[in-house]
Amino acid sequence: MPRELRDVVFVDGVRTPFGKAGGMYAETRADDLVIKCIRELLRRNPGLPPERVDDVAIAATTQTGDQGLTIGRTAALLAGLPKSVPGFAIDRMCAGAMTAVTTISSGIAFGAYDVAIAGGVEHMGHHPMGEGVDPNPRIIAEKLVDPSALVMGSTAENIHDRYPELTKDRADTYAVGSQDKLAKAYANGKIQPDLVNVATRSVEQGWGLATADEPPRPGTTKEALAGLKTPFRPHGRVTAGNSAGLNDGATACLLAAEDVALELGLTPKMRLVSYAFVGVEPEVMGVGPVPATEKALSKAGLTIDDIGLFEINEAFAVQVLAFCEHFGLADDDPRINAYGGAIAVGHPLASSGVRLMLQLARQFEDRPDVRYGITTMCIGIGMGGTVIWENPAWEGTK
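All figures in this text were calculated on a predicted structure; none of them were measured in a lab. (Residues numbered from 1 in each chain as written. Predicted model: local features only at pLDDT ≥ 70, side-chain atom pairs only at ≥ 80, totals over all residues. Heavy atoms only, no water.)

A word on the overall build of the protein chain
As a reminder, the rule being used: Helix and strand assignments follow DSSP, with helices taken as H or I runs no shorter than four residues and strands as E runs no shorter than two, numbered in order from the N terminus. Here the globule rule is a power law, 2.2 Å times the number of residues to the power 0.38, and the radius of gyration is based on C-alpha atoms. Accessibility here uses a 1.4 Å probe with only protein chains present; expressed as a share of the type maximum, an area under 20% marks a residue as buried, one over 50% as exposed, and anything in between as partly exposed. Contacts: residue pairs with any heavy atoms within 4.5 Å of one another. Note on areas: Shrake-Rupley, 1.4 Å probe, and residue coverage restricted to the protein chains presented here. When charges are counted, neither His nor the chain ends are considered; positive counts come from Lys and Arg and negative counts from Asp and Glu. Each charge is placed at NZ for Lys, CZ for Arg, CG for Asp and CD for Glu.
Along its length, the protein chain carries twelve helices and twelve strands. Against the globule reference of 21 Å for 398 residues, the protein chain gives a C-alpha radius of gyration of 20 Å, in line with a compact fold. Each principal axis of the C-alpha atoms in the protein chain carries an extent, and together these give about 60 × 55 × 50 Å. Counting across all 398 residues of the protein chain, residues that qualify as buried make up 57%. Residue pairs in contact within the protein chain that sit at least 24 positions apart in sequence constitute 79% of those at least 6 positions apart. Surface summary for the protein chain: the accessible area is close to 15900 Å², and the carbon and sulfur share equals 54%. Both charge centroids of the protein chain, one from 37 positive and one from 49 negative side chains, sit 2 Å from each other.

And the structure:
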């Protein structure tokens with residue numbers, strides 16, 4: 001007998017301040033970061049009985065050490081959820097948390113879950129990208145991919161090659177804009193409500209408290225970016241200034257069937273419309289958001305003109321520019337990453353998908369004139385992912 005799918009809502013989400021790899025979280029465990037997020041979600045939503053949480057999906061790209069051992073389950077236990085609450089781990093590289101959200105949402109829509117938690121963590125200071133991996137030599141020997149496909153910075157250089165109109169000057173201009181927008185968002189109090197403070201400790205400085213993101217470089221200028229080295233290619237275009245850094249951090253969000261959320265007195269911040277993941281040439285993985293967005297729009301019966309807000313993960317500035325170029329959007333379109341992006345705030349790989357959702361949900365609250373928004377990101381080894389959301393506060397529903 002066919003089932004009727006249920007509407008899925010994003011109820012709430014939090015994240016730790018993002019740190020620089022080797023920075024303020026150098027002596028903090030990865031699992032403790034995500035545990036802090038889960039506990040904060042429960043604290044902020046006292047109307048949710050902990051035993052009503054049906055599953056916990058936590059993503060990590062490098063699933064070893066303090067972010068291994070089926071971290072969804074261990075983090076749930078350590079966060080104080082009942083032992084009856086299961087959990088699991090997910091890996092889709094940068095889109096880990098995004099995939100945790102879509103996987104859990106599919107379970108809710110199907111009826112397997114009523115309420116669940118999804119998120120991600122990446123401690124790149126403890127576990128650099130690629131730590132312990134052993135790529136099958138056939139992938140290069142049989143020319144399945146170009147060797148550059150295994151180095152994310154090189155794939156960004158390849159996009160510059162393929163689309164010469166996406167110049168370094170445009171990338172640097174975009175990067176400065178990201179820094180400026182994040183600084184403005186902080187000044188206007190748009191970032192702080194989503195942050196959960198984290199106690200830190202180091203041998204040199206003793207106890208501390210992480211209350212704000214560590215990576216931002218407010219006041220960055222194009223002149224300063226122009227002199228940076230191009231580590232992935234001599235005389236290249238990709239630099240530390242127009243790319244996301246190496247970061248530590250965690251995110252988590254509360255998802256529910258819309259009717260269950262209302263039953264429990266939980267206020268939805270976003271409603272899931274559609275999502276899509278696609279594969280692209282690994283050598284230019286940064287173009288992944290383009291076909292992923294086209295597929296998600298098609299499934300939803302929407303066009304790009306229906307989208308009022310965009311949260312695009314800034315792994316590299318050129319990747320966002322490729323998206324803008326394809327869809328005919330201006331590089332400085334105010335609908336794109338209004339509160340800044342990963343170039344400024346950081347990109348702890350598997351956690352970033354939920355960070356995009358937090359920022360979109362915050363904007364939805366301020367923009368009842370906007371009905372639809374998207375969160376989208378490129379994914380290593382040649383993929384893209386896009387989730388389309390509807391604003392429950394859209395004035396057209398009143």
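Let's talk about the nonpolar core
The test is simple: Side-chain atoms within 4.5 Å link the members of a nonpolar core, which is a set of buried Ala, Val, Leu, Ile, Met, Phe, Trp, Tyr and Cys residues.
Counting 77 residues, the largest nonpolar core has F10, V56, L81, I117, V121, M357 and W389 as the members making the most contacts within it. No other element matches helix α1 (residues 30-44), which puts eight residues into this core. Leave out the neighbours within four places in its chain, and I117 touches I38, L41, V53, D55, V56, A57, L81, I104, A252, C253 and L254. Listed in part, the 42 residues of the second largest apolar core include I312, L321, A322 and I343.

Some details on the packing of helix α9 (residues 289-300) against helix α10 (residues 317-327)
Basically, it comes down to this: Lines fitted to the C-alpha atoms define the axes, with helices restricted to the stretch that makes contact. Angles between their N-to-C directions range from 0 to 180 degrees. We call two directions roughly parallel when the angle between them is under 35 degrees, roughly antiparallel when it is over 145, roughly perpendicular when it lies between 65 and 115, and oblique otherwise.
Interhelical geometry of α9 versus α10 gives an angle of 45° and a closest axis separation of 9 Å. As judged from the angle between their axes, α9 and α10 are oblique. In contact with P289, V290, T293 and E294 of α9, α10 contributes Q319, A322, F323, H326 and F327.

What about the environment of N337?
Note the cut-off: For the purposes of these results, a polar contact is taken to be a pair of N or O atoms within 3.5 Å, where, inside protein, one atom must be able to donate a hydrogen and its partner to accept one; residues adjacent in sequence count only when each atom of the pair is a side-chain atom.
Tracing the backbone shows N337 in the loop between α10 and α11 (342-345). Exposure remark for N337: the relative accessible area of 0% places this residue in the buried category. Each C-alpha atom of the pair N337 and F323 lies 13 Å from the other, and the pair is 14 residues apart in sequence. Setting aside chain neighbours within four positions, we find N337 in contact with Y174, K181, F310, E311, I312 and E314. In terms of polar contacts, N337 uses its side chain to reach the side chain of E314, at 2.8 Å.

With respect to the pairing of strand β5 (residues 115-123)
The condition that has to hold: We call two strands paired when DSSP finds no fewer than two bridges between them.
Within β5, nine of the nine residues are buried, leaving the element largely enclosed by the surrounding structure. By the alternation rule, side chains of β5 split into V115, I117, G119, V121 and H123 and A116, A118, G120 and E122, which are all buried. Bridging between strand β3 (residues 53-59) and β5 involves five bridges; their strand directions are parallel. Directly across from A57, in β5, lies its bridge partner A118. Pairing geometry for β5 and strand β8 (residues 247-257), over nine bridges, is antiparallel. Across the sheet, residue E122 finds its bridge partner in β8, namely G249.

Some words on the pattern of salt bridges
Note the following rule: A side-chain nitrogen of Lys or Arg and a carboxyl oxygen of Asp or Glu constitute a salt bridge if their distance falls within 4 Å.
Going through the model one piece at a time under the given rule, you end up with 26 salt bridges. Here K190 and D366 are joined by a salt bridge, their closest N and O atoms 2.7 Å apart. Taken as a pair, K190 in the loop between α6 (168-187) and β6 (198-202) and D366 in helix α12 (residues 352-366) lie far apart in primary sequence, 176 residues in all. One salt bridge in this structure joins R362 and D194, with 2.5 Å as the shortest N-O distance. Of this pair, R362 sits in helix α12 while D194 sits in the loop between α6 and β6; the two residues are 168 residues apart in sequence, bridging distant segments of the chain. Look at R362 and you get buried, because its relative accessible area is 14%. On the basis of relative accessibility, which here comes to 6%, the residue D194 falls in the buried class. Ionic contacts of the salt-bridge type, sharing partners, join the residues R6, R52, D114 and E263 into one network.

Distances and angles like these do not, on their own, reveal function.
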